[in-house]
Amino acid sequence: MILYKNKNFPIKLNEKIDYKDIDLLRKFITDQGKIISRRSNGLTAKQQKKLTKSIKRARILALLPFINKD
């Protein structure tokens, strides 16, 4: 018998990841400004790719900082 771990996904499978949703994107960035890996945050590969593109797009548009200088 194979037992699978029940994961709580931070984002629903059908939920849209948008670069303008800064509050959602900040959940997936460390204090240093790094993007949290897929293993750590529990997203699927497709969601992680969309999240990464959204974070990078928000950084280019100056909605998110590249580096936190705190």
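All of these numbers come straight from a predicted model, not from anything done at the bench.

(A) Summary view of the layout of surface pockets. As a volume, the largest pocket reaches approximately 230 Å³. Every residue lining the largest pocket is counted, 13 residues in all, and those nearest its centre are Glu 15, Lys 16, Ile 17, Lys 46 and Lys 50.

(B) Geometry of the nonpolar core. Core analysis: the biggest nonpolar cluster contains 12 residues, these being Ile 11, Ile 17, Ile 22, Leu 24, Leu 25, Phe 28, Ile 29, Leu 43, Leu 51, Ile 55, Ala 58 and Leu 64. Counting residues per element, the ones that place at least two in this core are helix H1 (22-26) and helix H3 (45-60). Once residues lying within four places of it in the same chain are set aside, the contact partners of Ile 17 are Ile 11, Leu 25, Gln 47, Lys 50, Leu 51 and Ser 54.

(C) Representation of the environment of Ser 54 within the structure. One can find Ser 54 in helix H3. Counting along the chain gives 35 residues from Ser 54 to Tyr 19, while the straight-line C-alpha distance between them is 4.4 Å. A polar atom in the side chain of Ser 54 sits 2.9 Å from the backbone oxygen of Lys 50.

(D) Molecular detail of the environment of Thr 30. Locating Thr 30 in the fold gives a position in the loop between H1 and helix H2 (38-41). Judged by its relative accessible area of 29%, Thr 30 falls in the partly exposed class. The contacts of Thr 30, once residues within four sequence positions are left out, are Ile 36 and Asn 68.

Criteria and thresholds
In every chain, residue numbers begin from 1 and rise along the written sequence. Reporting of local features is limited, given that this is a predicted model, to residues whose pLDDT is at least 70; pairs of side-chain atoms are given and counted only at 80 or more, and all residues count toward the totals for whole chains, interfaces and linings. Water and hydrogen atoms were dropped before computing side-chain values, which therefore reflect all heavy atoms in the structure. Points on a 1 Å grid over protein atoms alone make up a cavity when a 1.4 Å probe fits among them but cannot get out, and a pocket when they form an open set with protein on both sides within 12 Å along at least five of seven lines; lining residues each have an atom within 4 Å of a point. Grid points are joined across faces, edges and corners, and a volume is the space filled by probe spheres set on the points. What is meant by a nonpolar core is a set of buried Ala, Val, Leu, Ile, Met, Phe, Trp, Tyr and Cys residues, joined one to another through side-chain atoms within 4.5 Å. Buried means the residue's accessible area, taken with a 1.4 Å probe over protein chains only, is under 20% of the maximum for its type, while exposed means over 50%, and partly exposed covers the values in between. Helix and strand definitions here come from DSSP, where helices need a minimum of 4 consecutive H or I residues and strands a minimum of 2 consecutive E residues; each element is numbered from the N-terminal end. The contact criterion used is simple: two residues touch if any of their non-hydrogen atoms lie within 4.5 Å. Throughout this description, a polar contact denotes any pair of N or O atoms lying within 3.5 Å of each other; where both atoms belong to protein, one of them has to be capable of donating a hydrogen while the other can accept it, and for residues adjacent in sequence the pair is counted only when both atoms sit in side chains.

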